[in-house]
Amino acid sequence: METIITLFEYRFFTNALLAALFASITCGITGAYIVSRRIVFISGGITHASFGGIGIGYFFGFNPIVGAMIFSVLSAFGIEYMSKKTNLREDSVIAILWSFGMAVGIIFIFLTPGYSANLMSFLFGNILTVTKLNLVFLLILALLITGIFLVFFKTILFIAFDEQYARAVKLPVETINYLMITLVALTIVFNIKVVGIILVISLLTIPQTIANIFTKKFEIMIWLSIIIGFLGSISGLLLSYYLNVPSGAAIIFFLVILFFISKIFRNILTSLRIRKQIQ
Amino acid sequence: MDKIIELQNVTAGYGEDIILRNVNIAIHRNDFIGVIGPNGGGKTTLVKVILGLIKPITGKVIYYDSMKEGKQQKIGYLPQNSDTDKVFPISVLDVVLSGLAQPNRLINRFSKAQKAKAREILESTGILHLADKNFGELSGGEMQRVFLCRAIVSDPELLILDEPNTFVDNKFESDLYHTLKKLNEHKAIIMVSHDVGTIAYYVKSIACVNRELHYHQSNIISQEQLDAYNCPIQIIAHGSVPHTILKEHNE
Ligand SMILES: Nc1ncnc2c1ncn2[C@@H]1O[C@H](COP(=O)(O)OP(=O)(O)OP(=O)(O)O)[C@@H](O)[C@H]1O
Ligand SMILES: [Mg+2]
């Protein structure tokens with residue numbers, strides 16, 4: 001059996017490690033925003049809407065990720081616009097775009113003669129086959145998101161916390177909201193290859209929920225989410241390599257286990273502290 | 001006296017529901033206006049029009065020179081129902097600092113002096129010990145105090161309080177009125193309240209809002225006048241309030 005050290009000698013494995021790192025950074029930061037703002041459902045909508053772009057990409061023979069990018073950004077803008085400017089209910093808008101994207105995707109994939117098994121890699125992801133191009137995009141996105149959060153942090157925080165007040169005091173609410181929802185859409189699209197459409201939402205929420213068990217500070221939540229996401233990805237990566245199961249599923253599996261361990265650990269810690277105070 | 005904001009023939013509402021009709025009012029530098037009226041009368045709507053959160057259907061809102069947007073927030077605002085998420089991860093100090101954020105700026109960083117200012121305001125409100133606490137872990141009254149700090153930390157030209165006395169204890173209420181009196185030496189204040197008795201004691205003029213606005217240039221108002229303004233509010237004189245302020249039916 002190979003040792004972990006010899007694994008590193010394979011190019012694909014180094015790429016997978018880099019993918020795990022960039023995925024943890026992009027999902028860690030954007031996910032902290034998603035969880036804090038409670039827009040998990042919006043993110044689910046964007047993710048599934050992007051499937052329409054993948055189908056169209058297949059049919060017309062261009063890179064499905066490009067199609068996914070267009071669909072996800074447009075649906076993100078659609079949700080943001082329609083829920084604010086029309087009196088449609090936000091969750092209904094999401095549900096419509098969610099299923100519309102899936103429907104378009106399914107139609108075009110079935111219209112494509114001999115659609116490939118490659119489709120599985122979009123649904124379930126495979127961190128071991130992430131392309132160089134995808135890696136470069138993930139890196140750029142990671143730098144972009146980190147930069148934006150470092151520079152605009154307080155403004156993002158204030159608007160996320162109390163949008164009505166932010167509007168009243170003329171903070172750039174629209175600009176920040178559209179910027180953020182675009183980052184959410186891009187994060188989703190470029191992580192599809194890593195964990196797949198079905199599971200990308202977990203990489204945006206589980207590390208953050210675990211982080212939230214230990215901290216109530218937004219900044220710390222971001223850092224912890226990145227670390228937890230990275231640990232989960234590496235463990236999942238190894239598991240998927242040895243058992244030959246889809247990496248996305250293996251990663252999420254580890255993260256959920258970690259979630260339960262953290263929760264139990266936290267409960268024990270709390271009861272110990274209570275006991276100490278009572279004595 | 002300097003006018004700071006003026007509403008001219010403003011009609012406003014939500015979608016096709018017209019809530020306020022033909023409102024005219026000028027706000028001056030040293031005004032202290034009490035806004036009263038029944039539930040659903042349109043007080044909060046009026047506040048939102050003044051803040052620019054709702055655009056008038058007809059008529060206009062004029063902001064005079066001293067209210068022109070610059071580096072500082074010119075209007076301090078304490079909302080009635082804050083729709084903030086109570087578990088959002090933000091510290092009390094950051095909530096107060098948001099009152100110092102610059103209008104129309106994407107980048108907001110705060111100097112040592114600004115942070116000191118925020119702490120100073122928290123201290124004067126008696127909640128400095130909560131500064132680093134998570135906002136979501138405060139009690140309703142403590143949250144209300146934090147929102148007041150956020151509203152006044154920028155020394156705004158106009159302070160708008162939409163029912164500031166919900167949730168708070170007597171001690172805070174008297175502190176609040178003391179703070180407001182001091183602030184009013186230089187700045188304008190608009191305060192929405194249901195507590196007509198107490199409010200009349202502090203304010204200089206009264207605006208009765210019930211789909212229309214009737215502006216009463218004095219803090220002495222009688223039940224007959226309220227009725228004439230179509231403002232179905234009962235005056236209940238409180239023990240602490242001098243009776244001369246409120247003219248009751250039989251006086
Ligand atoms: N976002 C909204 N959309 C539609 N109608 C609204 C909205 N907000 C308020 N209204 C309606 O406008 C009317 C006036 O509401 P407003 O909040 O201004 O009353 P208010 O005088 O502040 O009442 P309260 O004393 O209860 O605070 C109410 O009839 C209300 O139903
Ligand atoms: Mg109101």
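Provided above is the structure to which this section pertains.
Before going into details, it helps to say that this report is about the structure given with it. Numbers given for residues are sequential positions, taken from 1 along each chain in its written order. Whichever chain is written first is A, and whichever ligand is written first is 1; the rest continue in order. Restriction of local features to residues with pLDDT of at least 70 applies here, the model being predicted, together with a cutoff of 80 or more for giving and counting side-chain atom pairs; totals for whole chains, interfaces and linings are based on all residues. Side-chain metrics rest on all non-hydrogen atoms present in the structure, leaving aside hydrogens and water.

## Quick word on the interface of chain A and chain B
Then comes step 1: Contacts between chain A and chain B engage 27 residues on the former and 37 residues on the latter.
Then comes step 2: Once two parts are joined, some of their accessible surface, as seen by a 1.4 Å probe, is lost; buried area is that loss totalled over both. Buried area between chain A and chain B, both sides added, is near 2900 Å², and the carbon and sulfur share of it is 60%.
Then comes step 3: Its largest share of buried area at the contact with chain B, chain A owes to F161, Q164 and Y165 of chain A, together 27% of the area lost on that side.
Then comes step 4: Here a salt bridge means any side-chain nitrogen of Lys or Arg lying within 4 Å of a carboxyl oxygen belonging to Asp or Glu. The tally of links between chain A and chain B comes to four salt bridges.
Then comes step 5: A salt bridge links K154 of chain A to D94 of chain B; the shortest N-O distance between them is 2.7 Å.
Then comes step 6: Any N or O atom pair separated by 3.5 Å or less is treated as a polar contact, with the protein-specific requirement of one donor-capable and one acceptor-capable atom, and with residues adjacent in sequence counted only for side-chain atom pairs. In this structure, the connection of chain A to chain B is made through eleven residue pairs in polar contact (both at pLDDT 80 or more).
Then comes step 7: Working definition: helices are DSSP H or I runs of at least four residues, strands are E runs of at least two. Numbering for both runs from the N terminus. Among the secondary structure elements, those contributing two or more residues to the side of chain A that touches chain B are α2 (11-37), α7 (132-161), α8 (163-168), α9 (173-195) and α11 (218-243) of chain A.
Then comes step 8: The leading source of residues in the side of chain A that touches chain B is α7 of chain A, at nine residues.
Then comes step 9: Classifying every residue of the side of chain A that touches chain B gives 15 nonpolar, four polar and eight charged. Whether two residues are in contact is decided by their heavy atoms: any pair within 4.5 Å suffices. Under this grouping Gly is polar, as are all residues other than the nonpolar Ala, Val, Leu, Ile, Met, Phe, Trp, Tyr, Cys and Pro and the charged Asp, Glu, Lys and Arg.

## Comments concerning the pattern of salt bridges
Then comes step 1: Scanning all chains against the criterion turns up 18 salt bridges over all chains.
Then comes step 2: Note that E163 of chain A and R37 of chain A form a salt bridge whose closest N and O atoms lie 2.9 Å from each other. Here E163 of chain A is found in helix α8, whereas its partner R37 of chain A is found in helix α2, with 126 residues between them in sequence.
Then comes step 3: The salt bridge partner of K171 of chain B is D175 of chain B, with a shortest N-O separation of 2.7 Å. With K171 of chain B and D175 of chain B both in helix α5 (residues 170-183) and four residues apart, this pair spans about one turn of that helix.
Then comes step 4: Residue exposure (1.4 Å probe, protein chains only): buried if accessible area is under 20% of the type maximum, exposed if over 50%, otherwise partly exposed. On the accessibility criterion, K171 of chain B (51% relative accessible area) is exposed.
Then comes step 5: By relative accessible area, D175 of chain B is classed as partly exposed at 28%.

## A few points about the coordination of the magnesium ion (ligand 2)
Residue and element names in this part refer to chain B.
Then comes step 1: Donor criterion used throughout: N, O or S atom within 2.8 Å of the metal, extended to 3.2 Å for Na, K and Ca. Water excluded; incomplete-looking sites may result. Ligation of the magnesium ion (ligand 2) by protein atoms is provided by T44 (OG1) and Q80 (OE1), these donors lying 1.9 to 2.2 Å from the ion. With T44 in helix α1 (residues 43-51) and Q80 in the loop between β5 (75-78) and α2 (92-97), this residue pair connects regions lying 36 residues apart in the sequence.
Then comes step 2: Assessed through its relative accessible area of 27%, Q80 is described here as partly exposed.

## Describing the nonpolar core
Here is a general trend for soluble globular proteins: nonpolar side chains tend to be buried in one another's company.
Then comes step 1: Among buried residues, those of type Ala, Val, Leu, Ile, Met, Phe, Trp, Tyr and Cys that are joined through side-chain atoms within 4.5 Å constitute a nonpolar core. F149 of chain A together with I5, L7 and L158 of chain B are the most contacted members of the largest nonpolar core, which totals 161 residues.
Then comes step 2: Filtering out sequence-adjacent residues up to four positions away, L7 of chain B remains in contact with V23, N24, I25, L46, V49, I50, K60 and V61 of chain B.

What is shown is where atoms sit, not what they do.
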